[in-house]
Amino acid sequence: MKTRKSRLPEVYKFGGASLADGAAYKHAAGISKACAAPLAVVCSAPAGVTDLLLAVADHARAGDREKTATALEAVREKYRVVLRQLVLGQRPKAELAEVVDQSMAELEMLAGGLVALRELTARTSDLVVSRGERLSAEIFCAVLRAAGVKAQVVDALEVVHTEGPFGGAAPELARTDAAVRTRLRPLMSRGVVPVVPGFLGAWHKEHGQPPALVTLGRGGSDLTATLLGRALDASRVTLWKDVPGLLTADPRVVPDARVIPQLHVREAAELAYYGAKVLHSRALIPVQGKPIPVYVRPFAEPNAPGTEISSQQSTDRHPVKALSAVSGQALVTVAGRGLLGVPGVAARTFATLSAHGMSVSLITQASSEQSICFTVPEKEAKAAKEHLDRAFHDEIARRDVDGILVQTGMTTIAVVGLGMAGMPGIAARVFSALASQDINVVAIAQGSSELNISLVVASAQAAQAQKRIHSAFRLSRLP
Ligand code: ADP
Ligand code: ASP
Ligand code: MG
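Residues numbered from 1 in each chain as written. Chains lettered and ligands numbered in written order. Predicted model: local features only at pLDDT ≥ 70, side-chain atom pairs only at ≥ 80, totals over all residues. Heavy atoms only, no water.

Undergrad: Quick one: what's the story with the overall build of the protein, residue by residue and with numbers?
TA: Scanning the protein from N- to C-terminus turns up 14 helices and 17 strands. At 24 Å, the protein has a C-alpha radius of gyration in line with the 23 Å of a compact globule built from 479 residues. With respect to the three principal axes, the spread of C-alpha positions in the protein is 75 × 60 × 40 Å. Looking at the 479 residues of the protein, the share that counts as buried comes to 51%. Within the protein, contacts between residues at least 6 apart in sequence are counted, and of these 77% link residues at least 24 apart. (Helix = DSSP H or I, 4+ residues; strand = E, 2+ residues; numbered from the N terminus. Rg over C-alpha atoms; globule rule 2.2 N^0.38 Å. Buried < 20%, exposed > 50% of the residue type's maximum accessible area, 1.4 Å probe, protein only. Contact = heavy atoms within 4.5 Å.)

This is the structure in structure tokens:
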């Protein structure tokens, strides 16, 4: 049998939903101990902690001392419960309790400052939430050691390098590759399991200054795991989650959603990008084009296979593999008879948005060229309209453009599958499934890769729409 040292490395990520209590940390340590390959582990914050930390920051910003104190106490209690449930030996337990207490005292000070200032920058918010993952890594490392596994916490700022910004930093791949190799490989070759807090990174914002701490956006621990997998040339990355795998739809919306045994990395990336909460939207970028499969596996059932995301293209009978949805969208329309044949309207529309750092996720233009529609997150819609009103001021005055119309309360649904390329009638099936339920499709887009049909519906009808499309393609019978 091969030893831990001679195999290609693996990366495990334990998600927040899985790390709910002391028993879960112990279970995660058991799964890690059973891995025969050199292993690096990424930890999320325990379930609910990130939301609580954000609540601390929000209440503090609002100047509400009472609510701030209640949220702080709730975070403290979460860690207290986890610690109480762990059997670690007296000294390691006392050391861990000390680390938690210190972090909480620091948080209290930070929150006190925010209450006084009533101002919360994205930088401070990242600093507040970072302790969720950092403490989780400390706890997991102690539990691994108690289970007889050599382990060491390596802070994310040492290995994950980014280009910022705060709140949703984009990784610098080459620099991260180099740092991970230098820092983690020597440990792993000695049989030590590095434990890295997920979701966090370093941003070398100002030359000559120490790097700033940033977060990779909600759900960012998935991305930390694939970044490590890429840098280590891992044989696989496994994301242990509270679901049996990647499912054909969000199980909270479509109860008969099924596990997809295997899907192509491009399909999974499309689902992640279009809102499938199970994967961070950029999680698959680091492994695209690399021979590193990513597995989504059930934490509760470590022997179940889960879902394999790889470059293999399965030729099955299902042209459509899965659905995902992004709610809270606004549909913005630039319309007017005067647009007909006027060059550059689309270019000016998107240049205006991009100049203001706004990212658009779905675009359609009717071939009559009388309107351009796109979606932006609802909270950015007002600003998008103001910028476009200004950019098209002259055209609006001349009535070449009717105005910039905004419809809020929209959801974008993506219907994804590589098998639909070149197969006629897929869009027709989607739309007849919806028409039969009187669901109004407000806009449609299909990429030229024919991997994804996206449609916009009113959020009030989004759940029904997903159920209908799911059953029209018989996804509950997959595979
Ligand atoms: P973790 O904390 O482990 O990263 P998340 O909560 O971020 O876990 O992601 C898992 C959750 O994603 C599931 O509990 C499920 O409700 C939701 N989800 C949404 N779409 C899907 C899907 N297509 N497949 C599986 N889970 C999904
Ligand atoms: N804890 C962070 C979040 O809740 C990151 C993660 O779980 O991946 O978004
Ligand atoms: Mg997640």
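Undergrad: Go over the site of ligand 1 with me, naming the residues and quoting the values.
TA: Around ligand 1, 16 residues are found, and the nearest of them are Lys13, Lys241, Asp242, Leu247 and Lys277. A distance of 2.8 Å separates an oxygen atom of ligand 1 from a polar side-chain atom of Lys13. Lys277 places a side-chain nitrogen or oxygen 2.7 Å from an oxygen atom of ligand 1. In the complex, the protein chains occlude 90% of the 570 Å² of accessible area that ligand 1 would expose alone. Looking at the shell around ligand 1 residue by residue, the class counts come to 7 nonpolar, 3 polar and 6 charged. (Near = heavy atom within 4 Å. Polar contact = N/O pair within 3.5 Å; in protein donor to acceptor, adjacent residues only side chain to side chain. Areas by Shrake-Rupley, 256 points an atom, 1.4 Å probe, with all protein chains shown as cover. Nonpolar A, V, L, I, M, F, W, Y, C, P; charged D, E, K, R; others polar.)

Undergrad: Describe unusual backbone geometry, with residues and values.
TA: Of all residues except glycine, most have a negative phi; of all peptide bonds, most are trans. Following Gly164, the chain continues into Pro165 via a peptide bond in cis, with omega recorded as 0°. Note that Pro165 resides in the loop between strand S4 (161-162) and helix H7 (173-189). Backbone geometry at Arg118 places phi at a positive 55°, although glycine is not the residue there. Structurally, the position occupied by Arg118 is in the loop between helix H4 (90-117) and helix H5 (122-146). You can call Arg118 exposed: its relative accessible area is 53%. For Arg399, which is not a glycine, the phi torsion comes out positive at approximately 65°. You can call Arg399 exposed: its relative accessible area is 71%.

Undergrad: Quick rundown of the environment of Ile363? Include the residues and the values.
TA: Along the chain, Ile363 turns up in strand S13 (residues 362-365). Among the residues examined, Ile363 registers a relative accessible area of 45% and is labelled partly exposed. Sequence-wise, Ile363 and Ala445 are 82 residues apart; in three dimensions their C-alpha atoms are separated by 6.7 Å. Not counting the four nearest positions on each side in its chain, Ile363 is found in contact with Phe350, Cys373, Phe374 and Ala445.

Undergrad: Tell me what's going on with the site of ligand 2, and back it up with residues and numbers.
TA: What surrounds ligand 2 is the set Ser44, Thr50, Glu133, Phe199, Arg218, Gly219, Gly220 and Ser221. In this structure, Gly219 approaches ligand 2 through a main-chain N or O atom, which is 2.8 Å from an oxygen atom. Backbone polar atom of Ser221 to an oxygen atom of ligand 2: 2.9 Å apart, as the coordinates give it. Protein chains shield 86% of the accessible area of ligand 2, which is 260 Å² for the free molecule. Of the residues in the shell around ligand 2, the class split is 1 nonpolar, 5 polar and 2 charged.

Undergrad: Just give me the short version of the side chain of Glu10, but keep the residues and values in it.
TA: Mapped onto the elements of the fold, Glu10 is located in strand S1 (residues 10-14). For the buried Glu10, no salt bridge is present, and the opposite-charge side chain at shortest range is Arg236, 4.3 Å distant. (Lys, Arg positive; Asp, Glu negative; His and termini not counted. Salt bridge = Lys/Arg side-chain N within 4 Å of Asp/Glu carboxyl O.)

Undergrad: How would you summarise the sheet that holds strand S17 (residues 452-458) if you had to cite specific residues and measurements?
TA: One open sheet holds the 6 strands; their spatial order is S13-S14-S12-S15-S17-S16, and the pairing between them is antiparallel. Looking at strand neighbours, the two that pair on one side only are S13 and strand S16 (441-446), the edges of this open sheet. Between one strand axis and the next, the sheet turns by 30° as a mean value, whatever way the strands run. Pairing geometry for strand S12 (residues 322-335) and strand S14 (residues 371-377), over 7 bridges, is antiparallel. Each bridged residue has a counterpart across the sheet, and for Thr333 the counterpart in S14 is Cys373. Together, S12, strand S15 (403-416) and S17 form the strand contacts of helix H14 (residues 462-472), whose direction differs from that of S15 by roughly 35°. (Pairing = 2+ DSSP bridges. Axes fitted to C-alpha atoms, helices over the stretch in contact; angles between N-to-C directions.)

Undergrad: Outline the sheet that holds strand S7 (residues 212-215), supporting the account with residue identities and numerical values.
TA: Read from one edge to the other, the open sheet built from 3 strands follows the order S4-S6-S7, with strand pairing classed as mixed. Looking at the sheet topology across the chains shown, the edges are occupied by S4 and S7. As judged from the 2 bridges shared by S4 and strand S6 (residues 200-203), these two strands associate in the parallel manner. Note on S6: the bridge partner recorded for Thr162 is Trp203.

Undergrad: Describe the pairing of strand S8 (residues 236-241), with residues and values.
TA: For S8, the tally of buried residues reaches 5 of 6 residues, placing the bulk of the element in the interior. As defined by bridge partners, S1 adjoins S8 across 5 bridges and the pair is classed as parallel. Counterpart to Val11 in the pairing with S8 is Val237.

Undergrad: Quick one: what's the story with the nonpolar core, residue by residue and with numbers?
TA: Nonpolar side chains tend to gather and get buried jointly when the protein is soluble and globular. Ranked by size, the top nonpolar core spans 132 residues in total, and within it Phe14, Phe140, Leu184 and Ile309 carry the most contacts. Per-element accounting of this core gives the leading share, 10 residues, to H5. If you look at the next biggest cluster of nonpolar residues, it comprises 16 residues, including Val332, Leu339, Met358 and Phe392. (Core = buried A, V, L, I, M, F, W, Y, C linked by side-chain atoms within 4.5 Å.)

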